Every structure is written in C-alpha cells, then in structure tokens.
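# Reading the structure
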Amino acid sequence: MEECVFCKIVRGELPAAKIYEGERSLAFLDINPISPGHTLVIPKEHASSLVELDEATTADVFNAVRMVMRMLKVALHPDGFNIGINDGKAAGQEIMHVHVNVIPRYEGDGGKPVQSIVRNPPRESLEEIAEKIKRV
Ligand SMILES: [Zn+2]
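Residues numbered from 1 in each chain as written. Predicted model: local features only at pLDDT ≥ 70, side-chain atom pairs only at ≥ 80, totals over all residues.

## A few points about the overall build of the protein
Helix and strand counts for the protein stand at 3 helices and 5 strands. Along its sequence from the N terminus, the protein presents helices and strands in the succession α-β-β-β-α-β-β-α. Once the C-alpha set of the protein is aligned to its principal axes, its extents read approximately 45 × 40 × 25 Å. Here the protein, with 136 residues, has 21% of them falling under the buried criterion. A fraction of 59% describes how many contacts in the protein between residues 6 or more apart in sequence connect residues 24 or more apart. (Helix = DSSP H or I, 4+ residues; strand = E, 2+ residues; numbered from the N terminus. Buried ≥ 20, exposed ≤ 12 C-beta atoms within 10 Å, placed from the backbone. Contact = placed C-beta atoms within 7 Å.)

Here is the structure:
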C-alpha cells in the first residue's frame, strides 16, 4: 500500500496537477491524457475496488466527478464526457487504487462510446441472468 502512486499523490509525496479536492476525494489531470482535460478522481483512502468504499466516500468521489465536469465544461468547452472506472485487472485496471476517469469528448475526436470496449454478449436470457443476480 505504501508503494501506491495515488496514495503518494494524496500524501503530497509525488507531484500531480491537482484541480479539485473534496473532503474524501482528490482530482488531478491524468499524466498520460487521452483527451484535453482527462482527469482522474480518486478517494483519498486506499481501496482497489469501488465495492470496498463506504457510502460517504462513494458520495464524495462522485460529487467530485460532478464538480470536475462543471469545471472542465467552463474551462475547456468539451461537447460531452465519458465517465469510466476500470475495476479489476480483467477490466484494464493498472493502478490498484480506485480512480474514476473523466474524459472530455469533443465533436469529431474519433472516440467511441463506452459500450465499444468489449463485445461479449451472454448466451443466457436476460431473465435467467437477472434471477441469478437477484438470488444474491
Ligand atoms: Zn492507494
């Protein structure tokens, strides 16, 4: 956990282009931006998955996402946003500290919607899958 780069950013041990700070959250520009204004919003406490966060932290993180979107809208005038979390290695998570990607989108930027990241439709019916999930 001490080696986590996002925890180091929270503690001020690594530099970051911070743009917003909430009580339990921090937002800074992605060091390898895929779009102008690409921002990461993280909880200040270490957690690898969104499911590990408590309700107050989750609320603070998503309020920060909303604030960042407002700030980016005024400052950079994007035409839209993709909001995404890579949760787990299979989903492409590289830094194992929860981070919400706020990706400003611009008309004609050549990007695609989040639904384009995988094409693996289920073989079972939606009813069968819903039953499995609801049994939990
Ligand atoms: Zn961490």
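## Some words on the environment of Ala64
Inspection of the secondary structure assignment puts Ala64 in helix α2 (residues 55-76). Through-space distance from the C-alpha of Ala64 to that of Ala27 is 7.3 Å; in sequence the pair is 37 residues apart. When sequence neighbours within four positions are dropped, the list of residues in contact with Ala64 reads Tyr20, Gly22, Ser25, Ala27 and Val41.

## Observations concerning unusual backbone geometry
In this structure, His77 is a non-glycine residue whose phi angle is positive, near 50°. Assignment of secondary structure puts His77 in the loop between α2 and β4 (80-84). Accessibility expressed as a C-beta count within 10 Å gives 11 for His77, which makes it exposed.

## Description of the environment of Val118
Within the element layout of this structure, Val118 appears in the loop between β5 (100-105) and α3 (126-135). Put simply, Val118 and Lys89 are 29 residues apart on the chain and 14 Å apart in space, counted from C-alpha to C-alpha.

## As for the pairing of strand β2 (residues 25-29)
Along β2, 4 of the 5 residues are buried, which leaves the element largely enclosed by surrounding structure. Relative to β2, strand β1 (residues 18-21) runs antiparallel, the two being bridged by 3 bridges. Paired with Tyr20 across the two strands is Ala27, which belongs to β2. Count of turn residues in the β1/β2 antiparallel hairpin: 3 residues. Bridge count between β2 and strand β3 (residues 39-43): 5 bridges; the pairing is antiparallel. The residue bridging Ser25 from the neighbouring strand is Pro43, located in β3. (Pairing = 2+ DSSP bridges.)

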